Amino acid sequence: MQTPDWVARGQPHIWQPYAQMKTATPPLPVVRSHGSRLELADGRQLIDGVASWWTACHGYNHPHIAQAVRAQLDAMPHVMFGGLTHEPALTLARRLAALLGPGLDRVFYTDSGSVAVEVAMKMAVQFWLNQGERGRSRFLAFRGGYHGDTFGTMAVCDPDEGMHSLFRGMLAEHDIVDLPRDDAAMARLDAFLETRGPQLAGILVEPLVQGAGGMLLHDPEVLRRLRRLADRHGLLLIFDEIFTGFGRTGTLFAFEQAGIRPDIITLSKALTGGTLPLAATVASSRVFDAFWSDDPSHALMHGPTFMGNALACAAANASLDLFESEPRLAQARALSTALAAGLAPCRELAWVRDVRVLGAIGVVELDRIDDREALKRRLVEAGVWVRPFGNVVYLTPALTIAPDELDTLMRAVIAVLRAQRP
Ligand SMILES: *Cc1c(COP(=O)(O)O)cnc(C)c1O
């Protein structure tokens, strides 16, 4: 296997994400992507089971998105969003508001998920300050949660998940508790909020599935409980749909399955169909109204340099076109059935603890994974791109993955897990 020259020359200058650079398997050089396939520099093709961290919901290189980005590139790739505006950003905001439904209609753009969550937290804290309520700077968040890697968001992630434990002493103090999975837990949380409530700005949760914290599922009833708690104690409810948004759970947004609505929602990952970085924090008019004032100090003082990037907004608009013109949600629901049936044989393995599926998310949880690097290598040798973390092997393929590709993907996972204890 020959390594291209640009790898040998460039890799010594790269710092990879989430990797012990000394011992991690070197990254695979990719030269082309198409549909659900990655083509490596040595000519091998891998079937992608991850859709690049769940972003590429339409598969790679969808011609409709490519065409929209090319046209926007010719017209205007980017202008600053301070004092200027443009059609792709306003059209996208209008369309997101229409899709999210009444009450979620004011869009603030950023360029990554972590920053979208930071903005949501900033909005929630200032929402209270602008109304003269001091001392509401804490958030209620949940064990198993993941909301990003910046200092503000690390503080609302699961404190024991390991990714951020080094920085614990530097992080803001929040209340990280168990999700109220039953009535008893709900009553305990209710009692806790009775005393803690006045110090809280809001409740922050990933609805239906906690993604990077372990691919943990919960029932829509949990979200209805959180809505009731937020209303009872006068707190803002923030849904982080950066993972779940745009069809991943079988509905366009996960909150639809609970029949309730948050006060603020964060979106990113699949927003541009996996092509360009873009995120949005969408607030209800109740939240926005607290900033609408003659007092300049009531303004939201935030503004990323690449906010509302026109190329990214054009890509997002094209991605939304595809949700209208192609049967994406039906595909997500069909994937759900196929993943449940296809991964079921994993249950028979002694080292598999649980197999669970929600929408287009298939999760095989092991009792532990001793050598993750070796497991990753064996999956690549089997012709698939799957990236286990913690003790889970998960599949979040493109919603457009072909049935035979999905079949190959699942068979490879089963064969690799069956061959030996990972
Ligand atoms: C990925 C993710 C984030 C962070 O997004 P980045 O773009 O990586 O900063 C936040 N919340 C959830 C639920 C995510 O899945």
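Only a predicted model underlies this, so the values are computations on that prediction, with no experimental measurement involved.

K.L.:
Is there a simple way to explain the sheet that holds strand S10 (residues 236–240) in this structure?
P.N.:
Strand-to-strand pairing in sheets goes through backbone hydrogen bonds, with the strands running parallel or antiparallel. Read from one edge to the other, the open sheet built from seven strands follows the order S4-S12-S11-S10-S7-S5-S6, with strand pairing classed as mixed. Only two strands of the sheet have a single neighbouring strand rather than two, namely strand S4 (106–110) and strand S6 (175–177). Adjacent strand axes in the sheet meet at a mean angle of 20 degrees, parallel and antiparallel pairs treated alike. The pairing of strand S5 (residues 138–142) with strand S7 (residues 200–205) spans three bridges and is classified as parallel.

K.L.:
I tried to follow helix H11 (residues 328–343) on my own but got confused; where do I start?
P.N.:
Residues spaced three or four apart along an α-helix point in a common direction, a consequence of the helix completing one turn every 3.6 residues. Its 16 residues give H11 an end-to-end C-alpha distance of 22 Å, which sits within 8% of 22 Å, the value for a rise of 1.5 Å per residue. Where H11 is buried, its residues meet helix H10 (310–325), strand S13 (352–358), strand S14 (361–366), strand S16 (392–395) and helix H13 (403–419).

K.L.:
Sorry, what's going on with the packing of H11 against H13 here?
P.N.:
For any two helices packed against each other, the geometry is given by the interaxial angle and the distance between the axes. Packing of H11 against H13 brings their axes to within 10 Å, and their N-to-C directions diverge by 30 degrees. Considering the angle they form, H11 stands roughly parallel to H13. In this structure, H11 crosses over H13, and the sense of that crossing is right-handed. Residue-level contacts link Leu335, Ala338, Leu339, Gly342 and Leu343 of H11 to Leu406, Met410 and Ile414 of H13. Taken together, the residues of the contact of H11 with H13 break down into seven nonpolar, one polar and no charged.

K.L.:
Looking at this model, I keep getting lost on the site of the ligand. Mind explaining?
P.N.:
Close to the ligand lie Trp54, Ser112, Gly113, Ser114, Tyr146, His147, Gly148, Glu206, Asp240, Ile242, Phe243 and Lys269. One of the side-chain N or O atoms of Ser114 is found 2.6 Å from an oxygen atom in the ligand. At a separation of 2.7 Å, a nitrogen atom of the ligand approaches a polar side-chain atom of Asp240. When the residues that make up the shell around the ligand are grouped by side-chain class, the tally is four nonpolar, five polar and three charged.

K.L.:
How do you make sense of the environment of Leu406 when you look at a structure like this?
P.N.:
Position of Leu406 relative to the elements: it lies in helix H13. Accessibility expressed as a relative area gives 5% for Leu406, which makes it buried. If we skip the residues at most four places from it in the chain, Leu406 touches Leu335, Ala338, Leu339, Pro397 and Ile401.

K.L.:
Is there a simple way to think about the environment of Cys346 in this case?
P.N.:
In this fold, Cys346 is placed in the loop between H11 and S13. Along the chain, Cys346 and Ala415 lie 69 residues apart, while their C-alpha atoms are 9.3 Å from each other. Residues in contact with Cys346, not counting those within four places in the same chain, are Val352, Val355, Val364, Ile414 and Leu417.

Criteria and thresholds
- Note on numbering: residues in each chain are counted from 1, in written sequence order.
- In keeping with the model being predicted, local features are shown solely for residues with a pLDDT of at least 70 and side-chain atom pairs are shown and tallied solely at 80 or more, while totals for entire chains, interfaces and linings include all residues.
- Computation of side-chain values: all heavy atoms of the structure, hydrogens and water removed.
- Any two strands are treated as partners once DSSP identifies two or more bridges connecting them.
- Counting from the N terminus, the helices are DSSP H or I runs at least four residues long and the strands are E runs at least two residues long.
- Angular values range over 0 to 180 degrees, each being the angle between N-to-C directions of two axes fitted as lines to C-alpha atoms, with helices fitted over their stretch in contact.
- Given the number of residues in a helix, its expected span is that number minus one, multiplied by 1.5 Å.
- The contact criterion used is simple: two residues touch if any of their non-hydrogen atoms lie within 4.5 Å.
- For classification purposes, an angle smaller than 35 degrees is called roughly parallel, one larger than 145 roughly antiparallel, one from 65 to 115 roughly perpendicular, and anything else oblique.
- Helix crossings are classified by the rotation of the near helix relative to the far one: an anticlockwise turn of less than a right angle makes the crossing left-handed, while a clockwise turn makes it right-handed.
- Note that Gly is not counted as nonpolar here; it falls among the polar residues with everything else outside the nonpolar set of Ala, Val, Leu, Ile, Met, Phe, Trp, Tyr, Cys and Pro and the charged set of Asp, Glu, Lys and Arg.
- Residues are classed as near a molecule or strand on a simple rule: at least one heavy atom within 4 Å of it.
- We call two N or O atoms a polar contact when they sit within 3.5 Å, provided that within protein one can donate a hydrogen and the other can accept it, with sequence-adjacent residues counted only if both atoms are side-chain atoms.
- Here the term buried applies to any residue with accessible area under 20% of the maximum for its type, exposed to any over 50%, and partly exposed to those in between, with areas from a 1.4 Å probe on protein chains only.

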